[in-house]
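# Chain and residue survey
Chain residues, written in single-letter form:
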Amino acid sequence: MRMERVPLIELCGLSRAYPAGEGTITVLKDITLAIAEGEMVAIVGASGSGKSTLMNILGCLDRPTRGAYRIAGQETSDLDADALAALRREHFGFIFQRYHLLSELTALGNVEIPAIYAGTQAEARRTRASGLLARLGMADRTTHRPGQLSGGQQQRVSIARALMNGAQVILADEPTGALDSKSGAEVLRILDELHAEGRTIIIVTHDMGVAERAQRIIEIRDGEIVADRPGKGGARVDTAHMDTALSDRFGRPPPERAPGSARGQVPAPISRAARATAYAGRLKEALRMALLAMAAHRLRTFLTMLGIIIGIASVVCVVALGEGSRQRVLADISGLGTNTLEIFAGRSFGDTRSGRITTLVVADADALARQPYVAAVTPTVSTQSTVRFGAIEANALVNGVGQGYFAARGTKLAQGRFFDRDSVRALALDAVIDENTRKALFKDVDPIGQVMLVGSVFCRVVGVTAPQQGGFGGSQNLSIYLPYTTVQARFLGSTSLRSITVRVADDTDVALAEQQVTRFLTQRHGMKDFFILNTDDIRKTITATTQTMTALIAAIAVISLLVGGIGVMNIMLVSVSERVGEIGVRMAVGARQADILQQFLIEAVLVCVVGGIAGIALALGFGALFALTGSNFQLVYSAASIVAAVACASLIGVAFGYLPARNAARLDPVAALARD
Ligand code: ADP
Ligand code: MG
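Residues numbered from 1 in each chain as written. Chains lettered and ligands numbered in written order. Predicted model: local features only at pLDDT ≥ 70, side-chain atom pairs only at ≥ 80, totals over all residues. Heavy atoms only, no water.

### Some points on the overall build of the chain
When its secondary structure is counted, the chain shows 20 helices and 20 strands. Out of the 676 residues in the chain, the part that is buried amounts to 51%. Residue pairs at least 24 apart in sequence account for 76% of intrachain contacts in the chain once pairs closer than 6 positions are excluded. When the accessible surface of the chain is summed, it comes to about 30,700 Å², and 57% of that surface belongs to carbon and sulfur atoms. (Helix = DSSP H or I, 4+ residues; strand = E, 2+ residues; numbered from the N terminus. Buried < 20%, exposed > 50% of the residue type's maximum accessible area, 1.4 Å probe, protein only. Contact = heavy atoms within 4.5 Å. Areas by Shrake-Rupley, 256 points an atom, 1.4 Å probe, with all protein chains shown as cover.)

### Some words on the pairing of strand β6 (residues 92-95)
Taking every second residue as pointing to the same face, both faces of β6 are buried, with Phe92 and Phe94 on one and Gly93 and Ile95 on the other. As judged from the four bridges shared by β6 and strand β7 (residues 169-173), these two strands associate in the parallel manner. Bridging from a neighbouring strand, Phe94 pairs with Leu171 of β7. (Pairing = 2+ DSSP bridges.)

### Brief notes about the site of ligand 1
Every residue near ligand 1 is listed here: Tyr18, Val27, Ala46, Ser47, Gly48, Ser49, Gly50, Lys51, Ser52 and Thr53. Within the contact set of ligand 1, a nitrogen atom lies 3.5 Å away from a side-chain nitrogen or oxygen of Tyr18. Here an oxygen atom of ligand 1 sits 2.6 Å away from a polar atom, N or O, in the side chain of Thr53. Taking 560 Å² as the accessible area of ligand 1 by itself, protein coverage stands at 58%. Ranked by residues supplied to the shell around ligand 1, first place goes to helix α1 (residues 51-58) with three residues. (Near = heavy atom within 4 Å. Polar contact = N/O pair within 3.5 Å; in protein donor to acceptor, adjacent residues only side chain to side chain.)

### Some thoughts on the nonpolar core
Counting residues in each nonpolar core, the largest one holds 83 residues, and the members touching the most others are Leu58, Tyr69, Phe92 and Ile202. Among the elements that line this core, the one with the most residues is helix α18 (residues 593-628), at eleven residues. Discounting chain neighbours no more than four positions away, the residues touching Ile202 are Ile9, Ile35, Val41, Ile43, Met55, Leu58, Val169, Ile170, Leu171 and Ala172. (Core = buried A, V, L, I, M, F, W, Y, C linked by side-chain atoms within 4.5 Å.)

### Observations regarding the state of the cysteines
With the rule as written, the count across this model stands at zero disulfides. Left unpaired, Cys648 is separated from the closest cysteine sulfur, that of Cys608, by 9.4 Å. Taking relative accessible area as the criterion, Cys648 reaches 30% and is therefore assigned partly exposed. (Disulfide = S-S within 2.5 Å.)

### Describing α18
Between its first and last C-alpha atoms α18 spans 52 Å; for 36 residues at 1.5 Å apiece the expected length is 52 Å, and the two agree. Within two residues after α18, Gly630 carries a phi angle of roughly 75°, on the positive side. (Expected span 1.5 Å × (residues − 1).)

### Here we look at the pairing of strand β4 (residues 66-71)
Bridging between strand β1 (residues 9-20) and β4 involves five bridges; their strand directions are antiparallel. Pairing of Cys12 across the sheet is with Ala68, part of β4. Here β4 hands over to strand β5 (residues 74-75) after two residues, with Ala72 in that stretch at a positive phi of 50°.

### A closer look at the sheet that holds β4
Strand-to-strand pairing in sheets goes through backbone hydrogen bonds, with the strands running parallel or antiparallel. Pairing in this open sheet of four strands is antiparallel, and the strands run β2-β1-β4-β5 from one edge to the other. Each having just a single partner strand, β2 (23-35) and β5 make up the two edges of the open sheet. Each of β1, β2 and β4 touches α1; the most contacted strand, β1, lies at about 120° to it. (Axes fitted to C-alpha atoms, helices over the stretch in contact; angles between N-to-C directions.)

### Concerning the UniProt feature "transmembrane region" (unreviewed entry) in the chain
UniProt annotation of "transmembrane region" (unreviewed entry) refers to residues 302-322, 549-573, 600-629 and 635-659 when read in the numbering used here. End C-alpha atoms of residues 635-659 are separated by 37 Å, and the span's content is 84% helix alongside 0% strand. (UniProt positions renumbered as here; feature names shortened; annotations may be inferred.)

### Regarding the packing of helix α16 (residues 535-578) against helix α19 (residues 639-665)
As a packed pair, α16 and α19 sit with axes 9 Å apart at the nearest point and diverge in direction by 30°. Regarding the angle of α16 to α19, the classification is roughly parallel. With respect to the hand of their crossing, α16 and α19 are arranged in right-handed fashion. Contact residues: Leu561, Leu562, Gly565, Ile566, Met569, Met572, Leu573 and Val576 in α16; Cys648, Ile652, Phe656, Leu659, Pro660, Asn663 and Ala664 in α19. Considering only residue class, the contact of α16 with α19 consists of 13 nonpolar, two polar and no charged. (Parallel < 35°, antiparallel > 145°, perpendicular 65-115°, else oblique. Left-handed = near helix turned anticlockwise from the far one by under 90°. Nonpolar A, V, L, I, M, F, W, Y, C, P; charged D, E, K, R; others polar.)

### Concerning the sheet that holds strand β3 (residues 40-44)
An order of β6-β7-β8-β3-β9-β10 is seen for the six strands of this open sheet, with the pairing classed as mixed. One side of each edge strand has no neighbouring strand; the edge strands of this open sheet are β6 and β10 (224-230). Neighbour to neighbour, the strand axes of the sheet diverge by 15° on average, direction disregarded. Strand contacts of α1: β3, β6, β7, β8 (200-205) and β9 (216-221), with the helix running at about 155° to β8, the strand carrying the most contacts.

### Brief notes about the packing of helix α3 (residues 107-118) against helix α4 (residues 122-135)
Packing of α3 against α4 brings their axes to within 9 Å, and their N-to-C directions diverge by 125°. One way to sum up the angle between α3 and α4 is to call them oblique. As α3 packs across α4, the resulting crossing turns out to be right-handed. Taken together, the residues of α4 that come into contact with α3 (itself represented by Ala107, Leu108, Val111, Glu112, Ala115 and Ile116) are Ala122, Arg125, Arg126, Ala129, Ser130 and Leu133.

### Some thoughts on empty space enclosed by the protein
Under the criterion given, the structure shown has seven cavities of 30 Å³ or more. Residue lining of the largest cavity: Ala293, His297, Arg300, Thr301, Thr304, Ile571, Met572, Ser575, Arg579, Glu603 and Val607, and that is the complete set. The set of elements that each furnish at least two residues to the lining of the largest cavity consists of α9 (298-335), α16 and α18. The computed volume of the second largest cavity comes to approximately 80 Å³. Around the second largest cavity, the lining residues are Arg88, Arg89, Phe92, Gly93, Phe94, Pro114, Arg161, Ala162, Asn165, Ala167, Ala588 and Val589. Counting residues per element, the lining of the second largest cavity draws most heavily on β6, which supplies three residues. (1 Å grid on protein atoms, 1.4 Å probe; cavity = no way out; pocket = protein on both sides within 12 Å on 5 of 7 lines; lining within 4 Å. Points joined across faces, edges and corners; volume = space filled by probe spheres on them.)

### Things to note about unusual backbone geometry
Although it is not a glycine, His100 sits at a positive phi angle of roughly 55°. In this structure, His100 sits in the loop between β6 and α3. According to the relative accessible area criterion, His100 is buried, its value standing at 10%. Positive phi is not limited to glycine here, since Asp222 has a value of about 50°. As for its position among the elements, Asp222 is in the loop between β9 and β10. Accessibility expressed as a relative area gives 52% for Asp222, which makes it exposed.

So, in structure tokens, the structure goes:
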């Protein structure tokens, strides 16, 4: 009755050809073969006769060029890469001549891999893997790495791995080929046991002694089956009576497989929650593998990261620098007050003739002061001059200002007083000095009441201004304030003004006042030989300028980030090509293309994100260092820019890691395995 069932494995007119030079070479020719469930079959033949090629096709690692391959009646040529991976994962167990263990994982870790891709819970996975290893006499070797195990022990680990998902069919390609006779005999004994449990065993060998242990010997010569005869192995096990036996020693895997699905059909649907947990498990595994790979190449990983670190640090710094200087300038401007207009001689800033334009005069200021929309007016003039006190001489900017200047500018006093209306009227020689001048000239002396020489004029210091928060003048210049009348008479010998600062009345709109002032002065002068800045204009101009500068420098920083990304891509390509063998092994035990893609993508993203975080730390460190230099502004880091930097780093990881990861995922499993 069992004999009438569909054979488990069925090949029909199957060929496999490889391209060779101009034409092709056919390695398997028109193979027709059926293997029933529970059989133990030996495939023998000379080296190069096509045994491994046949084995790879049987295990769904490779596809036939022509002909049909049916597993439990299902045609495999219709299946896509992931469906084939599922078959390998759930139904086949590979044992290779060269073990193909992953060297950076322990014995236990190696055995667990197929279950990770099958989505088994970590706990169940570990229990089952150590159970299998114990059963194979490896209980005290679970934490050893392949390099610390003998050949026979490694082969036992690989057998445990093949059994991890409860493989129905064991495919062993020269499993004893690399072993001494004692270990070889041990491996064969295990295979016999697996057969006795009802598993289908297909073993490739060129050793007739080994082959005779099977029930059936298939001989291949030059890609063709030349003999198919019974061996001396025990009678075929009737699996109908073995179903209970399956659960004991090596055990069927605990999870989701419904009884019907063991025959290559679609497994019973799994709940969404279970699928999510399984996916999370695979993700965690991919993360662990990425960390392992990074740790295995620390220096290389660090150098790759360096590109990202520098890129991210420079982007974050530039943005913080731009923001810092913008805030600084805006703070300075708000010190000017929001309702002031500054009237300058000339057409605009940088008008080279403005020094010779003498039409802006005190009379203009007086006339403006009488306008209803003007609250206060202070004319200003300025010149450079030397100042001397005792033996110390320095250069200073001499500002001639009205008594209302300090109030209009929001300047505070540290010491003494400002000069008043009478001082202006009387051309008094009362000077207010700034903090820099005090430091330069009056190191150990109280400046108030001291007489200093400005140019050739003796002036008495009446006040010291409090240090301004930066300001346009720059922090190193010395500034001295005298009544503008004094500066005009004693220094300039002219009555023209550099500028007039107008404070607009509180109830008047600044823009409207600006129009009125323009009309008024144009009428007085007969032409428009002045220009007006209001603080809002200045704010806009400066904001635009700093934004342009920031954007420019940021563009350069972004380029460095791009270069870093290319470095990541480069090293990921190297990493993939170094680990082709590992990829092949993972595919052989049932990793999906998405699993491989994910593993390498995670590695790339991890390098970038860790690099990004280090870059941010570097930028913050730079900011702290910058603050120590005592600059008059600070780097301003926004949370948004930091979040953006991390996001940017991850994005670079995905963008530049994708190509290498995709290359890895698209590798042909057989070719990948062959390269190990
Ligand atoms: P066996 O396992 O019996 O020693 P194989 O199945 O490995 O032999 O190889 C059979 C033949 O197929 C060999 O002649 C080999 O050179 C050829 N072959 C195997 N893989 C490839 C390939 N990827 N490209 C071209 N020829 C191949
Ligand atoms: Mg071979």
